[in-house]
Protein chains: 2
Amino acid sequence: MTGYVPGEQPRGDSIIKLNTNENPYLPSPRVLAALRKATNGSLRLYPEPSSDTLRSAAAEVYGVLPENIIAGNGSDEILSMLLRSFVGPGDRVAFPVPTYSLYDTLIEIQDGVRAAVDYPSDFSLPESLAAQNAALTFLCNPNAPSGTLVGLQGVEQLARRVAGILVVDEAYVDFAGSEGASSLPLIRRLPNLVVLRSFSKSFSLAGMRIGLGFAPEELISGMMKVKDSYNVNRLSMVAATAALQDIPWMTRNVRRIQRSRGKLTAGLKRLGYHVYPSHANFVLAQMKGANLKGVYEALKRKNILVRYFEAPGLEDCLRISVGAPQEMKALMNELEAIGRTPPP
Amino acid sequence: MTGYVPGEQPRGDSIIKLNTNENPYLPSPRVLAALRKATNGSLRLYPEPSSDTLRSAAAEVYGVLPENIIAGNGSDEILSMLLRSFVGPGDRVAFPVPTYSLYDTLIEIQDGVRAAVDYPSDFSLPESLAAQNAALTFLCNPNAPSGTLVGLQGVEQLARRVAGILVVDEAYVDFAGSEGASSLPLIRRLPNLVVLRSFSKSFSLAGMRIGLGFAPEELISGMMKVKDSYNVNRLSMVAATAALQDIPWMTRNVRRIQRSRGKLTAGLKRLGYHVYPSHANFVLAQMKGANLKGVYEALKRKNILVRYFEAPGLEDCLRISVGAPQEMKALMNELEAIGRTPPP
């Protein structure tokens, strides 16, 4: 097997990094202050085994019980726990594609059977997804790399129809255009629903690796058993807890990113790209039938990094993270220049 | 399945915590300074996917190549990666017991077959361990909870005789009484050897969750494929890298703990306990044939927490972490008082 290939993580400050959907804005000053305060001798002690302080804070913010929450070393770790808890060798794992490619890797590690169903061209929910007889079904919502969103009603119907557990991966949901995009309230009435959140995107904390899983208590208990005993370190727990105490900081940055996303979308359309309606902090720009590797490489030569996927059906797309306004301006300038001199 | 049960992690400062083998001394001031410096806007960015900065620093300190190293979210995560890389359902996993009980949990998660071999009463290497036809063999060395050490020659013979991979878990090796206790130099000539190290004990960084795995390059490559893509967060990587740049701080604290360990051992022997020769930052004190739960509980009532295992063959033992001198004094005072009034 090959393992998951993350986006490039170059060092050096001169690069405009629009390839791994990081937030261009800083974490809350309250987070940085809390981290500095916690940087003391207590680091010699193990962290809370189940991250109870963070779970309590999250329970309050999201209106659930701490028993409905599990904390992970990034939501990637929670995905891995889900596979280890609920998927045995030969069990089917379903998801619509194209989507987050880590699902493939995790299924392979666990010797599960991949049941991928193609999205229709508008990235609406594929009719046959529910009929895969899968132990686990993943729905990345908003989806990566398309940025598209499936509505709450669609999610609920899917959860009621799948054979096993439905995992809605909401890493990007804070950026959704509409209120009420999150499936989180549904965990009260759907016994087979898991909702994942991340602090990497809207909270500007990709470097600290914190994710949360929300689910009915019984599912959380199952995942707790396969969790590493001290999976979230002291400082990450402090950072996440402090971030939850400054929601206005997050929502202000989300609004800035939404505004930039609108301008970026309009600009790309002016250049002839098809842009999928994005509910995330990135857009998928498509030049139907073209191969955009040359554009990706031309941008890279200009120190602008976007994401190009060497995957069937995605060769005519670029995934572009929404950066700060000046980064967007630099990107548009280069794309316009490239447009005037098409690659040979 | 039941899952691993970690030692109690009480909150509150009035407790003398001798139950999870934390270091009583602070992390290096250089570590705290490096953490404060790194607490800035860069936390919005993902960490290095493979922790290359830390691997380079560790390669220099330990005299191997970066390609021989994998970094984990604690050495517990590396243990989990080992199971996921090299153990399929039905594969045998061998280890001498009693030992670190997480091995049991991880084997159960992976549907492996537990092949446990009893240690003889002196905790020397059981003759039949090598003959278990195991895909993976664990040797915790120094062992927990006994603190005993198997010599380098024994490890090398074991590695040459086992069917699969030998993992030597050296979380405590810096506390060994003798120089050259580590099996790390053996990875050059043994293709099936993995050596694990932890920053939780000798480096006083249990709260940051950092472990390292050392092995021939081919084994490291295999583990890299099942590793979460960004498994070590930015601050933990900064902490570990800085800790490796202040080895004298660590060795000074190790020497203090070794001195306290000697005094603690002598004191316990005066009270009639058998104490296994410890090469770790804890001792295993045994009152042959007694049940020491009452002593554990009496100490707990006095706010002194030691580790009592509800496990066959360990009921007459307490595992006591080596704390600061004043903590050791308080412990001895209470044990003496308990000795004068045996529990009903």
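Look above for the structure.
Let's talk about the interface of chain B and chain A
Contact with chain B, which involves 56 residues of that partner, is made by 56 residues of chain A. When the buried surface of chain B facing chain A is broken down by residue, B:Arg44, B:Tyr46 and B:Lys225 rank first, second and third, together holding 15% of it. At the surface where chain B touches chain A, the tally comes to zero salt bridges. The tally of links between chain B and chain A comes to 24 residue pairs in polar contact (both at pLDDT 80 or more). If you list the elements that add at least two residues to the side of chain B that touches chain A, you get α1 (29-38), α2 (52-62), α3 (75-86), α4 (102-109), α6 (217-226) and α7 (234-244) of chain B. In terms of residue count, the dominant contributor to the side of chain B that touches chain A is α3(B) (four residues). Along the lines of polarity and charge, the residues of the side of chain B that touches chain A split into 22 nonpolar, 20 polar and 14 charged.

Details of the relation of the copies chain B and chain A
Once chain B is rotated about the relating axis by 180 degrees and shifted along it by 0.0 Å, it coincides with chain A to within an RMSD of 0.0 Å. The symmetry that links the two subunits is that of a two-fold axis. Across chain B, the rotation axis passes nearest the C-alpha of B:Arg36, at a separation of 2.9 Å. Of all interface residues in chain B, 100% are interface residues in chain A too; the two copies therefore contact each other through one and the same surface.

A closer look at helix α5 (residues 152-161) of chain A
Residues and elements named next belong to chain A. Along α5, the residues that are buried comprise Val-155, Glu-156, Leu-158 and Ala-159. For α5, the buried positions fall inside an angular range of 160 degrees around the axis, keeping them on one side. Facing away from the buried surface of α5 by more than 90 degrees, the exposed residues are Gln-153 and Arg-160. Taken together, the buried residues of α5 touch β5 (136-140) and β6 (165-169).

Focus on the pattern of salt bridges
Applying the stated criterion across every chain, the model contains 20 salt bridges over all chains. A salt bridge links B:Arg160 to B:Glu156; its shortest N-O distance comes to 2.7 Å. Highlighted residues: B:Arg160 and B:Glu156, both in helix α5 (residues 152-161), separated by four residues, approximately one helical turn. Here B:Arg160 falls in the exposed class, since its relative accessible area comes to 53%. If you follow the salt bridges from partner to partner, you end up with A:Glu156, A:Arg160 and A:Arg189 in one network.

What about the packing of helix α8 (residues 247-270) of chain A against helix α10 (residues 325-340) of chain A?
Residue and element names in this part refer to chain A. Closest axis-to-axis distance for the α8/α10 pair is 11 Å, and the angle between their directions is 5 degrees. As summarised for this structure, α8 and α10 are arranged roughly parallel, according to the angle between their axes. In this structure, α8 contributes Ser-260, Leu-264, Gly-267 and Leu-268 to the contact, and α10 contributes Pro-325, Met-328, Leu-331, Met-332 and Leu-335. In the contact of α8 with α10, the residues fall into seven nonpolar, two polar and no charged.

Basis of the calculations
- Residues numbered from 1 in each chain as written.
- Chains lettered and ligands numbered in written order.
- Predicted model: local features only at pLDDT ≥ 70, side-chain atom pairs only at ≥ 80, totals over all residues.
- Heavy atoms only, no water.
- Contact = heavy atoms within 4.5 Å.
- Buried area = accessible area lost by both parts, 1.4 Å probe.
- Salt bridge = Lys/Arg side-chain N within 4 Å of Asp/Glu carboxyl O.
- Polar contact = N/O pair within 3.5 Å; in protein donor to acceptor, adjacent residues only side chain to side chain.
- Helix = DSSP H or I, 4+ residues; strand = E, 2+ residues; numbered from the N terminus.
- Nonpolar A, V, L, I, M, F, W, Y, C, P; charged D, E, K, R; others polar.
- Least-squares fit on C-alpha atoms with pLDDT ≥ 70 in both.
- Buried < 20%, exposed > 50% of the residue type's maximum accessible area, 1.4 Å probe, protein only.
- Arc of directions from axis to C-beta.
- Axes fitted to C-alpha atoms, helices over the stretch in contact; angles between N-to-C directions.
- Parallel < 35°, antiparallel > 145°, perpendicular 65-115°, else oblique.

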